[in-house]
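# Working through the structure, step by step
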Amino acid sequence: MELKARWPEDSNKVARRIAGHCNAAAGDLVLWLIGVDQDTGVVGVNPSDMATWWPRASSEFDGQAPYVQDLCLSLAKGTVVALVFETDRVPFVVRNAVHGSLGGGPVTQEVPWREGTSVRSANRSDLLRLLIPTSKLPALECYEAEADVWQTQDGHQLSVNLTVYAVVSLGAALVLPDHQAHGAFHLAELDFRGTLETHLLAGSPSSQQSPFLNRNQDVSRTHTVHQGDQQVILDGPGFFRFFGTFSPYRPPRSVSLTR
């Protein structure tokens, strides 16, 4: 996110900063708020200035400029313009403003890179990061869930079973390892907390069976989700299960638990 109290005037510097911000974000959205001072808060700007400000700034790009969507927010202290830049077309290249001037050197274009609050030229590792495809985290949808508590000879046992649908591009080849799956619980009535022993399992419960199965029971599988050694491998969209257990524990005697 970037906060600007007013519309920046130097079009080349604006383009360089936007390009550096978008290149470093690569894949994530970039948000600029025009009309917000980082110290005093909302100061407001004229939203109609966007019509001339962005064409001037975008003309400084070599080829493709990032797509931007603007939204005007009318607040008590003035109007704030929110600019959302898409970064799916990186790398963004801008014109070197000093090329052709005395001492400007031979460089005609630059790939800017934002680092902290400053902007510099991209180096080799930055360019490799942009040009080598990276895998995005999958979008996860909780399809079904159940938690059970029951009594054993050693105490009480807790079981949590989630059926999760992963939205992944075909051919993504993402790996979800057991050791990076974490689960915790809090039983508010008992004021009891704990950490679950977790496992990830490929597949979903069969439609002919109860959706909540013991982790060792059969499940239906898809060709896009595979069971590995203590991990689940996603080659595309499909179901997997998160299974967590905690045992044994002893709740207060004054509270009785039933499954």
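Conventions adopted
- Residues numbered from 1 in each chain as written.
- Predicted model: local features only at pLDDT ≥ 70, side-chain atom pairs only at ≥ 80, totals over all residues.
- Heavy atoms only, no water.
- Helix = DSSP H or I, 4+ residues; strand = E, 2+ residues; numbered from the N terminus.
- Buried < 20%, exposed > 50% of the residue type's maximum accessible area, 1.4 Å probe, protein only.
- Contact = heavy atoms within 4.5 Å.
- Phe/Tyr/Trp six-rings, centres within 6.5 Å; stacked < 30°, edge-to-face > 60°.
- Pairing = 2+ DSSP bridges.

As for its position among the elements, Ser11 is in helix H1 (residues 11-25). For Ser11, a relative accessible area of 17% translates into the label buried. In this structure the C-alpha to C-alpha distance between Ser11 and Glu60, which are 49 residues apart in sequence, comes to 7.1 Å. Excluding its chain neighbours within four sequence positions, the residues that come into contact with Ser11 are Arg56, Ala57 and Glu60.

Attention shifts here to the packing of aromatic side chains. Tallied over the full model, the rule gives nine aromatic pairs. Each ring, one from Tyr143 and one from Phe239, has its centre 5.0 Å from the other, and the planes form 65 degrees; the classification is edge-to-face. Remark: Phe239 occurs in strand S19 (residues 238-249) and Tyr143 occurs in strand S11 (residues 139-152); sequence separation between them is 96 residues. On the basis of relative accessibility, which here comes to 53%, the residue Tyr143 falls in the exposed class. Ring geometry for Phe185 versus Phe246: centroids 5.1 Å apart, planes at 65 degrees, classification edge-to-face. In this pair, Phe185 is assigned in strand S14 (residues 184-187) and Phe246 in strand S19, connecting sequence segments 61 residues apart.

What follows concerns the pairing of strand S18 (residues 231-234). Side chains Val232 and Leu234 of S18 all project onto a buried face; the interleaved residues Gln231 and Ile233 project onto a face where none is buried. Strand direction decides the pairing type here: strand S13 (residues 174-177) and S18, joined by four bridges, are antiparallel. Across the sheet, the residue bridging to Leu176 is Val232, located in S18. Pairing between strand S17 (residues 225-228) and S18: four bridges, direction antiparallel. In the strand pairing of S18, Val225 is matched with Leu234. Where S17 folds back on S18, the antiparallel hairpin that results is connected by two residues, among which Gln230 adopts a positive phi of roughly 60 degrees.

In short, the description is geometric, and any link to function would need to be established separately.
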